[in-house]
Amino acid sequence: MPVLLFWCFFQGVSPMLCALDRNWSCDAPTQAPSSPALLYSLRHLEEQLKAAYKLVTEGKFSDALRLFVRMLQTIPLMMVETRKEVDEVKELVGICKEYVIALRCELKRKELREDDMIRAAELAAYFTHCNLQPMHTALSLRSAMTIFFKLKSLGTCAHFCRRLLELNPGQKMALQARQVLAACEKTPVDEVKVNYDPRNPFDICCLTFTPIYRGSKYVEDKYTGARFQPECEGQISPIGDIVRIGADASGLLISPTQVR
């Protein structure tokens, strides 16, 4: 006997009938239970991703952050059938993780006082190390380039200029980067030191907003693989707000193919 659910939204309005079985048909006289109905699909999340990218491009970072977090909260409620789909979902989790970290860094930077230029420079630098779409990486590099030039950290500023030019940005952005690079190369010295080493690979702790350089101790969010400073253990990860940092867990399971 199929299981049906009646939704009542407003008083006086007839309830809406909804099957809890994914393959339920109103035309079938009898039907054995098969699989539960799904509220979310991979296609639905792909559409949300496009919307989130658009918000980032428009500079609506708070709205974009909320959408990326919502996607991370939705993914564990999904189920997919094939290993290919599992890989696609895991890729989507990785994309959301990178954007949440990047956007949290940028929003934190915007909260700073105007005279806190060193901290602003650090956060701008960390932002450039998140794995984003090329267009968004270019925007982050231009921002870091501008901030470090004003700080007179010309050696590091030149590094951002070169990274930006490697992305082959638009003509206007490329011209600006070449002009700044030419000025930096005259005296490629950092007058102000910041907690940032572009030559040493690192992860970004988006609770303390500090780098975790290779070889340093860290704790992990088992859902997304995001890394945090050891003192963050036990806190709720801001990468989705649903996982406790450092908890012993299996990670994301969304398909029977993962447990066969």
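Structural data are supplied above this passage.
An account of the accompanying structure is given in this report. As the structure is a computational prediction, the values presented were derived from the model and not from experiment.

1. Considerations on the pattern of salt bridges
Across all of its chains, the model carries 14 salt bridges by this definition. For Glu-98, the salt bridge goes to Lys-97, with nearest N and O atoms at 3.8 Å. For Asp-197, the salt bridge goes to Arg-199, with nearest N and O atoms at 3.4 Å.

2. Remarks on the environment of Ala-120
Structurally, Ala-120 can be placed in helix H4 (residues 117-127). As a C-alpha pair, Ala-120 and Ile-147 span 27 residues in sequence and 7.9 Å in three-dimensional space. If near-sequence neighbours (up to four positions away) are discounted, Ala-120 is found in contact with Arg-109, Leu-112 and Ile-147.

3. Considerations on unusual backbone geometry
Look at Asn-168: it is not a glycine, yet its phi comes out positive at around 50 degrees. With respect to the element layout, Asn-168 can be found in the loop between helix H6 (154-166) and helix H7 (171-186). Classification of Asn-168 as exposed rests on a relative accessible area of 67%. Phi is positive for Phe-209, close to 55 degrees, though the residue is something other than glycine. Within the secondary structure, Phe-209 sits in the loop between strand S3 (202-205) and strand S4 (210-213). Judged by its relative accessible area of 6%, Phe-209 falls in the buried class.

4. Some words on the packing of aromatic side chains
Throughout the structure, instances matching the rule amount to eight aromatic pairs. Here the aromatic rings of Tyr-126 and Phe-202 are separated by 6.0 Å at their centres, their planes lie at 70 degrees, and the arrangement is edge-to-face. Here the residue Tyr-126 occupies a position in helix H4, and Phe-202 occupies one in strand S3, the gap between them amounting to 76 residues. You'll find Tyr-126 and Phe-202 in the same group, each marked buried. Through pairs of rings, three or more aromatic residues link up here, namely Tyr-126, Phe-148, Phe-160, Tyr-196, Phe-202 and Tyr-213. Between Arg-227 and the ring centre of Tyr-218, over which it is positioned, the NZ or CZ distance is 4.0 Å.

5. Considering the side chain of Gln-229
In this fold, Gln-229 is placed in the segment after strand S6 (227-228). A distance of 2.9 Å separates the side chain of Gln-229 from the side chain of Thr-210, its partner in a polar contact. Of note is the side chain of Gln-229, whose polar atom sits 3.3 Å from the backbone oxygen of Pro-211. Discounting residues that sit within four places of it in the chain, Gln-229 has contacts with Cys-205, Thr-208, Thr-210, Pro-211, Ile-212, Lys-217 and Val-219.

6. Examining helix H2 (residues 61-74)
Structural remark: α-helix, 3.6 residues per turn; residues separated by three or four positions point the same way. The first and last C-alpha atoms of H2 sit 20 Å apart over 14 residues, in line with the 20 Å expected at 1.5 Å per residue. Listed in full, the buried residues belonging to H2 are Phe-61, Ala-64, Leu-65, Leu-67, Phe-68, Val-69, Met-71, Leu-72 and Thr-74. Turning to H2, the residues buried within the fold contact helix H1 (42-57) and helix H3 (83-111).

7. Remarks on the layout of surface pockets
For the largest pocket, the calculated volume is near 270 Å³. Together, Gly-155, Thr-156, His-159, Pro-188, Asp-190, Val-192, Lys-193, Val-194, Tyr-196, Asp-197, Pro-198 and Arg-199 line the largest pocket. Grouping the amino acids of the lining of the largest pocket by side-chain chemistry returns five nonpolar, three polar and four charged.

8. With respect to the nonpolar core
Of all hydrophobic cores here, the largest spans 76 residues; its most connected members are Phe-68, Ile-75, Val-89, Met-145, Phe-160, Phe-228 and Ile-239. Ranked by residue count, the leading element in this core is H3, at 13 residues. Setting aside residues no more than four positions away along its own chain, Val-89 makes contact with Leu-42, Ile-75, Met-78, Val-80, Leu-252 and Ile-254.

Reading guide: rules and limits
Residues numbered from 1 in each chain as written. Predicted model: local features only at pLDDT ≥ 70, side-chain atom pairs only at ≥ 80, totals over all residues. Heavy atoms only, no water. Salt bridge = Lys/Arg side-chain N within 4 Å of Asp/Glu carboxyl O. Helix = DSSP H or I, 4+ residues; strand = E, 2+ residues; numbered from the N terminus. Contact = heavy atoms within 4.5 Å. Buried < 20%, exposed > 50% of the residue type's maximum accessible area, 1.4 Å probe, protein only. Phe/Tyr/Trp six-rings, centres within 6.5 Å; stacked < 30°, edge-to-face > 60°. Lys NZ or Arg CZ within 6 Å of the ring centre and 35° of its normal. Polar contact = N/O pair within 3.5 Å; in protein donor to acceptor, adjacent residues only side chain to side chain. Expected span 1.5 Å × (residues − 1). 1 Å grid on protein atoms, 1.4 Å probe; cavity = no way out; pocket = protein on both sides within 12 Å on 5 of 7 lines; lining within 4 Å. Points joined across faces, edges and corners; volume = space filled by probe spheres on them. Nonpolar A, V, L, I, M, F, W, Y, C, P; charged D, E, K, R; others polar. Core = buried A, V, L, I, M, F, W, Y, C linked by side-chain atoms within 4.5 Å.

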